[in-house]
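# Tertiary structure, described
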Protein chains: 2
Amino acid sequence: MRADRLGPILATIVLALGAEAALAGGPVALRGTGDLGLVIERAAGRVQLIETTGRTSLGAIEGLGDLSHASVVYSRDGRFAFVFGRDGGLTKVDLLERAVAKRVVQAGNSIGGAISQDGSLVAVSNYDPGGVRVFDARTLEPVADIPATYGPDDARSKVVGLVDAPGRRFVFSLYDASEIWVADLSDAAAPAIRKFADVGAQPYDGMITPDGRHYLAGLFGEDGVALLDLWDLDKGVQRILDGYGRGEEPLPVYKMPHLEGWAAAGDLLVLPAVGRHELLVVDRRTWQEVDRIAVHGQPVFAVGRPDGRQVWVNFAHPDNSVVQVIDVPTRQIVRELQPGPAVLHLEFTPRGEQVWLSVRDADRVEVYDTATFERLAALEADKPSGIFLTARAHRIGL
Amino acid sequence: MRADRLGPILATIVLALGAEAALAGGPVALRGTGDLGLVIERAAGRVQLIETTGRTSLGAIEGLGDLSHASVVYSRDGRFAFVFGRDGGLTKVDLLERAVAKRVVQAGNSIGGAISQDGSLVAVSNYDPGGVRVFDARTLEPVADIPATYGPDDARSKVVGLVDAPGRRFVFSLYDASEIWVADLSDAAAPAIRKFADVGAQPYDGMITPDGRHYLAGLFGEDGVALLDLWDLDKGVQRILDGYGRGEEPLPVYKMPHLEGWAAAGDLLVLPAVGRHELLVVDRRTWQEVDRIAVHGQPVFAVGRPDGRQVWVNFAHPDNSVVQVIDVPTRQIVRELQPGPAVLHLEFTPRGEQVWLSVRDADRVEVYDTATFERLAALEADKPSGIFLTARAHRIGL
């Protein structure tokens, strides 16, 4: 066959191969990555790839290990997901090839992670061995190891509440040591760590405000929240919201709320109260509680629609088949939805027109229009838990 | 040749074709779209495709007409750019194929546009004929025509300051009519329009706060700003900042500042004063001016780094070779850069670690690290003006 005759034949074959690959769940065609996301299918050790334009599932990627309490961050180009499993597994997933690009098991027991502002470093928060391990986002080669040692015997603490902060920094809390650490990885091989001691007993989770300025750690062992202003570290850790937390008469807590779900709406933070059927409204300028909103059950996630006009709330067992919507200016519940049993997580599209809900015990993900509350789509999923959209790549602290 | 022998040969040929296509500026390989952007090359009627991870140019797309004062919005998947030219041209560019996907000339003279919250509609702001035209984002087929008629003779006004707002709405100002209109395109074929009259003389540009709540229009004919709270339209248009604008003793204005560049940093807006060598600091809760910051020249864009810690400012001729950086908490100028002659625009990466500057008369785009102020890259470009990154797809009002 002469080379100049090969062209048309080649084109046909390439097309045929392309079609076959698509049918087999192989690589997708050229497409943008801005409307993609992953749904964690916990029991199956699998993630499902979804897109929010047509609101469909594009396939699944298997072999991610123990995905209980799993979370996801994204590469700055939106092509790769970094999935943090409970078993210490860190899996880099290629959304376009729909395949595991790389997987390392980097600890025995871990709880989430973060990606640096410049997208070059992925950090994982470990319970065992307690500390933070940092990896090259491109290769997953280890870059830095930060053991969470404390006290005279260099005991190691569980690490929780790990977030990224502007300036190639990571901030996290030491549960057993009652400390908050700020690690600056400007020189990744030699992290510069600033430690804050006696922040309050047993910080159990942390979050950073959307502007990357304030780090807050919820306290399990005391009634309050630890606050660190990253613009002024010399001020040290302040104690706020002493009415928050377990209170003087601890109530049974069915599920600790997630601090990362704290909603910011203008000057207000809306926080799930711990153990109470309430949301706390906190003024971000004074860090004082200014209101409480009675809700259906013990809130787990209270998430602000990106425009701050609404806050959507889900609840702990046995009230977890309900979702309530708060109108922020009036602080009224304007809608109650019953998507089905065990609503575990909710995620807004970045401009807020849709919200995606995982309804675990119905094996379903549901999508709602946030203006009309109409259900736009329902997708099958195997015991779905977390939902994470690629737009997180462009947000501080997510 | 047997089919089963074709595989390896095919692979080689495909690779060779791939390389050739890349050299010719043809389709790129599979890649994420989250780190892409366009630089307007005004004089050449061309856009240059750049990426912010390696900080390189990936090619150029030609044939976009008159690109003076051009601006860009993105499809929700980040694959397609909608480029608004001065000549009424609306061009849909495929960033992955590096090609014009579709182009319409929809008016004689136009000034920017917007994409609806759900990504389905693209609206263009026209001087001639005065009004807004709305197109299907997928096909660029016309969907709605909103002529900006006013007064007893149904004269048509130039339209300026067009932005998207939550709920499939567009908001814009009528320069000649002194009106602000809110168009709800929930039913795209029958826009519901709410008109606000007597907002102040000659609104010349508009912007919406990042939460999509407040629309502000700068006034050319008076000394002030018109404010509309989109959460409470019945309140009507308020007049704020009577010390803003041209003032009682108008100064020569070399270039009107861009309102879309208004920086939001926490509770503060930082605005370029008109005609003065000053920035105004405005409290968003009260809409009162709380401070002024003296700067190098007449400011054009004052853009907040995404974390709100810094505001970067460029200037009108003859001071336009300088960029100043304001530290927000202290309101001090902490750095002055001299990138070169005629710095026209600046754009931050979405998490704020880099800023891209167009230096028109040096035919260069420069990239700086916003923490160290180190110059990270310089790319050749033909008289570059606006720089627009795909992360805008995920922001309200951009």
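Relevant structure appears above.
Structure report, in brief.

## Points about the overall build of chain A
- Looking only at helices and strands, chain A features one helix and 34 strands.
- For chain A, the residues scored as buried account for 59% of the 398 residues in total.
- Counting contacts in chain A only where the partners sit at least 6 residues apart, residues at least 24 apart contribute 41% of the total.
- Carbon and sulfur atoms form 49% of the exposed surface of chain A, whose accessible area is close to 14700 Å².

## Regarding the relation of the copies chain B and chain A
- Expressed as a screw operation, the relation of chain B to chain A combines 0.0 Å of axial shift with a rotation of 180°, fitting to an RMSD of 0.0 Å. Both copies of the chain, as the preceding transformation shows, are related through a two-fold rotation axis.
- In this assembly the copies share their binding face: 100% of the residues contributing to the interface of chain B also contribute to that of chain A.

## Comments concerning empty space enclosed by the protein
- Going through the model one piece at a time under the given rule, you end up with five cavities of 30 Å³ or more.
- Looking at the largest cavity, its volume works out to about 100 Å³.
- As for the largest cavity, its lining consists of 13 residues, and the residues nearest its centre are Arg76(A), His394(A), Thr52(B), Thr349(B) and Pro350(B).
- If you go around the second largest cavity, the residues you meet are Gly34(A), Asp35(A), Thr52(A), Thr349(A), Pro350(A), Arg351(A), Glu353(A), Arg76(B), Gln117(B), Ala393(B) and His394(B).
- Split by residue class, the lining of the second largest cavity holds two nonpolar, five polar and four charged.

## Considering the sheet that holds strand S10 (residues 130–136) of chain A
Residue and element names in this part refer to chain A.
- Strand order across the open sheet formed by four strands is S8-S9-S10-S11, with antiparallel pairing between neighbours. In this open sheet, the two edge strands, each paired with only one partner strand, are strand S8 (109–115) and strand S11 (142–147). Going across the sheet, the axis of each strand differs from the next one's by a mean of 20°, ignoring polarity.

## Digging into the sheet that holds strand S28 (residues 323–327) of chain A
All names here are of chain A.
- Across the sheet, which stays open at both edges, the four strands sit in the order S26-S27-S28-S29 with antiparallel pairing between neighbours. A strand with exactly one partner marks an edge of an open sheet, and here the two such strands are strand S26 (299–304) and strand S29 (332–337). On average, each strand axis in the sheet is inclined to that of its neighbour by 25°, with strand direction left out of account.
- Across five bridges, S28 lies against S29 in antiparallel orientation. Paired with Asp-327 across the two strands is Gln-332, which belongs to S29.

## A few points about the interface of chain B and chain A
- On the side of chain A, 46 residues touch chain B, which itself brings 46 residues to the contact.
- Each partner contributes to the roughly 4200 Å² buried at the junction of chain B and chain A, and carbon and sulfur atoms together form 56% of this total.
- Contact with chain A buries area across many residues of chain B, yet Leu30(B), Arg351(B) and His394(B) alone supply 23% of it, more than any other trio.
- The tally of links from chain B across to chain A stands at four salt bridges.
- Joining chain B to chain A, the criterion identifies 25 residue pairs in polar contact (both at pLDDT 80 or more).
- When residues of the side of chain B that touches chain A are assigned to their parent elements, the largest contribution, five residues, is made by helix H1 (residues 3–23) of chain B.
- Tallied by class, the residues present in the side of chain B that touches chain A amount to 18 nonpolar, 12 polar and 16 charged.

## Topic: the side chain of Arg76(A)
- With respect to the element layout, Arg76(A) can be found in the loop between strand S4 (71–74) and strand S5 (80–84).
- A distance of 3.4 Å separates a polar side-chain atom of Arg76(A) from the backbone oxygen of Asp118(A).
- A polar side-chain atom of Arg76(A) sits 2.8 Å from a polar atom in the side chain of Thr53(B).
- Arg76(A) has contacts with Asp118(A), Gly119(A), Ala393(A), His394(A), Gly34(B), Asp35(B), Thr52(B), Thr53(B), Thr349(B), Glu353(B) and Gln354(B), leaving out every residue within four places of it along the chain.

## Looking at unusual backbone geometry
- In this structure, the amide linkage connecting His317(A) to the following residue, Pro318(A), adopts the cis form with an omega of 5°.
- Non-glycine residue Gln202(A) carries a positive phi angle of around 55°.
- With respect to the helices, strands and loops of the structure, Gln202(A) is situated in the loop between strand S17 (192–196) and strand S18 (203–208).
- The backbone of Arg55(B) sits at a positive phi, close to 60°, despite the residue not being glycine.
- In this structure, Arg55(B) sits in the loop between strand S2 (46–51) and strand S3 (56–61).

## Considerations on the packing of aromatic side chains
Residue and element names in this part refer to chain A.
- Applying the stated criterion to the full structure yields eight aromatic pairs over all chains.
- For the pair Phe-172 and Trp-181, a centre-to-centre distance of 5.9 Å together with 55° between the ring planes defines the contact as tilted.
- Here Trp-181 falls in the buried class, since its relative accessible area comes to 1%.
- Cluster of aromatic residues (ring-pair linked, three or more members): Trp-312, Phe-348 and Phe-373.

What counts and how
- The written sequence of each chain sets the order in which its residues are numbered from 1.
- Written order decides the labels, with chains lettered from A and ligands numbered from 1.
- Only residues with pLDDT of at least 70 are given local features in this predicted model, and only at 80 or more are side-chain atom pairs given and counted; all residues enter the totals for whole chains, interfaces and linings.
- No hydrogens and no water enter the side-chain calculation; it runs on all heavy atoms of the structure.
- Only runs of H or I of at least four residues qualify as helices and only runs of E of at least two qualify as strands under DSSP, and these elements are numbered from the N terminus.
- Only protein chains enter the accessibility calculation, which uses a 1.4 Å probe. A residue is then buried if its area is under 20% of the maximum for its type, exposed if over 50%, and partly exposed in between.
- The contact criterion used is simple: two residues touch if any of their non-hydrogen atoms lie within 4.5 Å.
- Computed with a 1.4 Å probe, the accessible areas rest on the Shrake-Rupley method; for each residue, only the protein chains presented here act as cover.
- We place the copies in one frame by least squares, fitting the C-alpha atoms of every residue whose pLDDT is at least 70 in both.
- Points on a 1 Å grid, built from protein atoms alone, make a cavity when a 1.4 Å probe fits but cannot get out and make a pocket when they are open with protein on both sides within 12 Å along at least 5 of 7 lines; residues with an atom within 4 Å of a point are the lining residues.
- Grid points are joined across faces, edges and corners, and a volume is the space filled by probe spheres set on the points.
- Polarity classes work like this: nonpolar for Ala, Val, Leu, Ile, Met, Phe, Trp, Tyr, Cys and Pro, charged for Asp, Glu, Lys and Arg, and polar for all others, with Gly in that last group.
- Whether two strands pair comes down to DSSP finding at least two bridges between them.
- Here an angle of 0 to 180 degrees is reported between the N-to-C directions of two axes, which are lines fitted to C-alpha atoms, with helices fitted over the stretch in contact.
- By buried area we mean how much accessible surface two parts lose on assembly, using a 1.4 Å probe and totalling the loss over both.
- Any Lys or Arg side-chain nitrogen found within 4 Å of a carboxyl oxygen on Asp or Glu counts as a salt bridge.
- For the purposes of these results, a polar contact is taken to be a pair of N or O atoms within 3.5 Å, where, inside protein, one atom must be able to donate a hydrogen and its partner to accept one; residues adjacent in sequence count only when each atom of the pair is a side-chain atom.
- The criterion for an aromatic pair is that two Phe, Tyr or Trp rings (for Trp, the six-membered ring) have centres within 6.5 Å, with stacked assigned to planes under 30 degrees apart, edge-to-face to planes over 60 apart and tilted to the rest.

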